[in-house]
Number of protein chains: 2
Amino acid sequence: MTPATIVDVARAAGVSKTTASDALRGHGRVSDATREAVLRAASELGYAINRSARSLRTATTGAIGLYIPQVVFRSEHYLSFVYGVVDVAAGFDYDVTVIVAGEEARPNYAPHVDGLVMIDPAEGDAMVERLLAMGLPVVSSERFPSGQQPTGVVWSDHGAYTRVLLDHLAERGAHRPALLASATVSDWSIGIQESYLAWCRDHGVEPAVAVATFGTDASQAQAEAAAILEREPDVDALIGASDGFAAAAAPVVTAAGRVIGEDLLLASCVDNSALRAMHPSVTAIDTKGGEAGAECARLLFRLLSGETERGASIELPLELHVRESTQGRSQG
Amino acid sequence: MTPATIVDVARAAGVSKTTASDALRGHGRVSDATREAVLRAASELGYAINRSARSLRTATTGAIGLYIPQVVFRSEHYLSFVYGVVDVAAGFDYDVTVIVAGEEARPNYAPHVDGLVMIDPAEGDAMVERLLAMGLPVVSSERFPSGQQPTGVVWSDHGAYTRVLLDHLAERGAHRPALLASATVSDWSIGIQESYLAWCRDHGVEPAVAVATFGTDASQAQAEAAAILEREPDVDALIGASDGFAAAAAPVVTAAGRVIGEDLLLASCVDNSALRAMHPSVTAIDTKGGEAGAECARLLFRLLSGETERGASIELPLELHVRESTQGRSQG
DNA sequence: CTGAAAGCGCTAACAT
DNA sequence: ATGTTAGCGCTTTCAG
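What counts, and at which threshold
Residues numbered from 1 in each chain as written. Chains lettered and ligands numbered in written order. Predicted model: local features only at pLDDT ≥ 70, side-chain atom pairs only at ≥ 80, totals over all residues. Heavy atoms only, no water. Helix = DSSP H or I, 4+ residues; strand = E, 2+ residues; numbered from the N terminus. Rg over C-alpha atoms; globule rule 2.2 N^0.38 Å. Buried < 20%, exposed > 50% of the residue type's maximum accessible area, 1.4 Å probe, protein only. Contact = heavy atoms within 4.5 Å. Areas by Shrake-Rupley, 256 points an atom, 1.4 Å probe, with all protein chains shown as cover. Lys, Arg positive; Asp, Glu negative; His and termini not counted. Charge placed at Lys NZ, Arg CZ, Asp CG, Glu CD. UniProt positions renumbered as here; feature names shortened; annotations may be inferred. Near = heavy atom within 4 Å. Polar contact = N/O pair within 3.5 Å; in protein donor to acceptor, adjacent residues only side chain to side chain. Nonpolar A, V, L, I, M, F, W, Y, C, P; charged D, E, K, R; others polar. Expected span 1.5 Å × (residues − 1). Least-squares fit on C-alpha atoms with pLDDT ≥ 70 in both. Domains from an automatic or database assignment. Buried area = accessible area lost by both parts, 1.4 Å probe. Core = buried A, V, L, I, M, F, W, Y, C linked by side-chain atoms within 4.5 Å. Salt bridge = Lys/Arg side-chain N within 4 Å of Asp/Glu carboxyl O. Phe/Tyr/Trp six-rings, centres within 6.5 Å; stacked < 30°, edge-to-face > 60°. Axes fitted to C-alpha atoms, helices over the stretch in contact; angles between N-to-C directions. Parallel < 35°, antiparallel > 145°, perpendicular 65-115°, else oblique. Pairing = 2+ DSSP bridges.

Asker: Would you mind showing me how to read the overall build of chain A here?
Answerer: If you tally the helices and strands in chain A, you get 12 helices and 12 strands. Over its C-alpha atoms chain A spans a radius of gyration of 25 Å, topping by over 25% the 20 Å that the globule rule assigns to 332 residues. Once the C-alpha set of chain A is aligned to its principal axes, its extents read approximately 85 × 45 × 35 Å. Out of the 332 residues belonging to chain A, those deemed buried represent 55%. If you take every contact in chain A between residues at least 6 apart in sequence, the share linking residues at least 24 apart comes to 67%. Accessible surface, chain A: about 13900 Å² in total, of which carbon and sulfur atoms supply 50%. Seen as two clouds, the 26 positive and the 42 negative side-chain charges of chain A have centres 9 Å apart.

Here it is in structure tokens:
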């Protein structure tokens, strides 16, 4: 049995193709009685639209692309983000096509989509350039580090939340917070770093910054954490900027003879389930992956429909989850 | 400027549509000279095929679907899996459409794909039923727990690796290993559990099993871990079946006055970066997400081309990474 | 080795 | 409020 087409539905309902099409899409042209007849016929025949035909006719694809940079260390945020995007797209009857780095190697690569959502665009990412060059509407999660601009942005003020976190550490008795910063060049990492330096200046604190990249293992982050504790013995709080830094630093802190949550407060700029499960559990900023994904998709659909103008920018609030690792002596 | 079509290419090369199409797809019909002329014209015009038109004509979609169950706790495995699938699909010039649970609520939901890859199909998952009912070729990562069967399977012998792990623990001096099992009903969780019980029987060891689910937080797994240590004081090794269990159990073990890697060996049936970064680092079975994804996609394309028969089953070998948490006293 | 013509299933334009 | 016609861009007959 070949699947039913719109002509089969039209015939069964005793109307023309056009009327069937209008009825199925809810266009006001048709009378209620006709619409019902068409819908009944469609459901009886198990009719499902042929998206290729619609796409060819309307010059749309019925899919949006989702670009995920190939890093494993923010996997929880990314995966939640994917769920958020797919969820919203489903509401618009759109599919989501995933795009990952590496495909730019294909000479004529062009995903078959109407628009794009990009997570964490990084400076100098060839795939980002490639996708922007396609000329489709693009919404990015987090602002572009420089140069080109996407059609829309959903961003969070990581700098502001870093200040909130620093104030919290100070309130819990920390006098010399250190930052284990991320070497990645992104709006997010820069915001955290600048905000930290500004806070230190404002509070007359000497900054203590180490930089690490997070690849397949945590050894570099751990070495940097150890070095900073050794070099600056009066450091009494440590913030891990990247996902994984704080968890990686924890054993190093303990090995250095410090007690997390008492004489060394530990916190992360990116929350994840490992931080919740650790002992002591680690204070962190929730980056709200699912909501960010959903918001990006919503903005993209508004852009596609023309409902929102190019250049739109939406700020997504974050949340600081205070846990045991920043208890402080006073609360002990 | 509307994009160039195949007619534009044909005209520029001085041939017919048909010949242009044949040349572009490398069909043997055309002479070398003609092909070159067509390819040159195409590249000069920046021609990109209109996939909707091809799809309509050939009744294919140019995309495969990837179903990811909505759980965050295996995020690293899943995300690597996605990369593996997309990578292979790209080699076949196919897009990958992500499908997540929840979409089955839409009455006529049917993703626009030629075939499907499903990760970890669980018993009673409505979306799994729904996707199978579409009648498309389906490859699943891990075998189906029961009932319906997919067109092809890529699976790993988690039971066998659990035995390897148990033998390793015994060799490092453990006499009474306990299992913190997963409540999820999947081929994977069942294989681990059965294999554990069989091993205990074979070695005359009294089994010690606790069952936990892993949702947004680790508290249940932690409570179960604490209870088993309390109830069975001679337990000297603990295996976390699900991703996250071992990491969650670690602080509980320490709080119970046990020393990980010495009087209590800790291991996980699913590896992740948190386990590598912990102190002590935790011995784990590498579930090879990226390779599993790639293998699933390869099998799906072989099934789509008819190169492989329905019912194919491929075993993917895993790997045990021995780390500090199962050092044992002797090696101390 | 190449071309002409038909048609995939749908929707937009133009009727009535 | 509904029907008729044309055509989206491609691949597949069928004819040379």
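Asker: How do you make sense of the UniProt feature "domain: HTH lacI-type" (unreviewed entry) in chain A when you look at a structure like this?
Answerer: Summarizing the sequence annotation, UniProt attributes the feature "domain: HTH lacI-type" (unreviewed entry) to residues 4-58 of chain A in the numbering used throughout. Span residues 4-58 of chain A is 71% helix and 0% strand, its end C-alpha atoms 21 Å apart.

Asker: It is not clear to me how the protein's contact with DNA strand C should be interpreted in this structure. Could you clarify?
Answerer: Lining the immediate surroundings of DNA strand C are 25 residues, of which Ile6, Lys17, Tyr47 and Arg57 of chain A together with Thr19 of chain B lie closest. A breakdown of the atoms of DNA strand C within 4 Å of the protein gives sugar and phosphate a share of 54%. Here a phosphate oxygen of DNA strand C sits 2.4 Å away from a polar atom, N or O, in the main chain of isoleucine 6 of chain A. In the environment of DNA strand C, a phosphate oxygen lies 3.4 Å from a nitrogen or oxygen atom belonging to the side chain of arginine 25 of chain A. Residue classes in the surface near DNA strand C are distributed as seven nonpolar, 10 polar and eight charged.

Asker: Sorry if this is basic, but what is going on with helix H5 (residues 75-91) of chain A here?
Answerer: Side chains three or four residues apart in an α-helix point the same way, a direct result of the helix having 3.6 residues per turn. All names here are of chain A. The end-to-end C-alpha separation of H5 is 25 Å, in line with the 24 Å expected for 17 residues at 1.5 Å each. With 15 of 17 residues buried, H5 lies mostly within the body of the structure. Just beyond H5, the residue with positive phi is aspartate 93, at close to 60°.

Asker: What is the right way to read the relation of the copies chain B and chain A from this model?
Answerer: Comparison of the two chain copies shows a relationship of rotation about an axis with a shift along it. It takes a turn of 180° to lay chain B on chain A, together with a shift of 0.1 Å along the axis; the resulting RMSD is 0.1 Å. Both copies are brought into coincidence by an operation consistent with a two-fold rotation axis. By residue overlap, the copies meet face to face through one surface: 100% of the interface positions of chain B are interface positions in chain A.

Asker: I tried to follow the protein's contact with DNA strand D on my own but got confused; where do I start?
Answerer: In the region of DNA strand D, 25 residues are neighbours, and Thr18 of chain A together with Ile6, Lys17, Tyr47 and Arg57 of chain B sit closest. Near the protein, meaning within 4 Å, the atoms of DNA strand D are sugar or phosphate in a fraction of 56%, with bases accounting for the rest. Interatomic distance of 2.8 Å between a side-chain N/O atom of threonine 19 of chain A and a phosphate oxygen of DNA strand D. Within the contact set of DNA strand D, a base nitrogen lies 3.4 Å away from a backbone nitrogen or oxygen of alanine 53 of chain B. Taken together, the elements giving at least two residues each to the surface near DNA strand D come down to helix H2 (17-25) and helix H4 (51-58) of chain A together with helix H2 (17-25) and helix H4 (51-58) of chain B. In terms of residue class, the surface near DNA strand D is built from seven nonpolar, 10 polar and eight charged.

Asker: Just checking my understanding: could you explain the domain arrangement of chain A for this structure?
Answerer: How big an interface is tends to be reported as the loss of accessible area on association of its parts. Residues and elements named next belong to chain A. Partitioning chain A into structural domains gives domain 1 (6-49), domain 2 (61-156 + 289-317) and domain 3 (158-286 + 320-331). Between the C-alpha centres of domain 2 and domain 3 there is a distance of 29 Å. Taken together, the contacts link 12 residues of domain 2 with 13 residues of domain 3. Both faces combined, the contact of domain 2 with domain 3 buries some 1200 Å², and carbon together with sulfur accounts for 51% of it.

Asker: Whenever I open this one, the nonpolar core confuses me. Can you help?
Answerer: The tendency in soluble globular proteins is for nonpolar side chains to be buried side by side. If you look at the biggest cluster of nonpolar residues, it comprises 62 residues, and the most contacted ones within it are Leu66 of chain A together with Leu66 of chain B. Beyond its immediate stretch of four places on either side in the chain, leucine 66 of chain A contacts Phe81, Val82, Val85, Val96, Thr97, Val98, Ile99, Val117 and Ile119 of chain A.

Asker: I'm lost on the interface of chain B and chain A in this one. Help?
Answerer: Facing 45 residues of chain B, the contacting portion of chain A comprises 45 residues. Taken together, both faces of the contact between chain B and chain A bury some 3800 Å²; the carbon and sulfur share is 62%. Looking only at chain B, the three residues that lose the most surface to chain A are Leu79, Tyr83 and His112 of chain B, adding up to 16% of its buried area. Remark: the boundary between chain B and chain A carries zero salt bridges. Elements with a contribution of two residues or more to the side of chain B that touches chain A: H4, helix H5 (75-91), strand E2 (95-100), helix H10 (245-255) and helix H11 (273-277) of chain B. Taken together, the residues of the side of chain B that touches chain A break down into 25 nonpolar, 13 polar and seven charged.

Asker: Just checking my understanding: could you explain the packing of aromatic side chains for this structure?
Answerer: The description of two aromatic rings rests on the distance between their centres and on the angle between their planes. All names here are of chain A. Tallying each qualifying case throughout the model produces four aromatic pairs over all chains. Seen in terms of ring centroids, phenylalanine 92 and phenylalanine 301 are 4.1 Å apart; in terms of plane orientation they differ by 10°. Their pairing is stacked. One end of the pair, phenylalanine 92, is in the loop between H5 and strand E2 (95-100); the other, phenylalanine 301, is in helix H12 (residues 289-305), with 209 residues separating them in the sequence. Taking the relative accessible area as the measure of exposure, phenylalanine 92 reaches 45% and is therefore partly exposed.

Asker: Would you take a moment to explain the packing of H2 of chain B against helix H3 (residues 32-45) of chain B for this structure?
Answerer: The description of two helices packed together rests on the angle between their axes and the distance between the axes. Residues and elements named next belong to chain B. Two numbers describe how H2 lies on H3: the axes approach to 9 Å, and their chain directions differ by 90°. Compared by their axis directions, H2 and H3 come out roughly perpendicular. Two secondary-structure elements touch here, H2 through Thr19, Ala20, Ala23 and Leu24 and H3 through Thr34, Arg35, Val38, Leu39 and Ala42. Partitioning the contact of H2 with H3 into residue classes produces six nonpolar, two polar and one charged.

Asker: Would you explain the sheet that holds strand E8 (residues 237-240) of chain A in this entry?
Answerer: Adjacent strands of a sheet pair through backbone hydrogen bonds, lying either parallel or antiparallel. Residues and elements named next belong to chain A. Here six strands make up an open sheet; going across it, the order is E7-E6-E8-E9-E10-E12 and the pairing mixed. The sheet terminates laterally at strand E7 (209-212) and strand E12 (319-321), the two strands that pair on one side only. In this sheet, adjacent strand axes meet at a mean angle of 20° when their direction is disregarded. Helix H7 (residues 158-171) rests against strand E6 (177-182), E8, strand E9 (265-268), strand E10 (283-286) and E12 of the sheet, and its axis sits at about 160° to E10.

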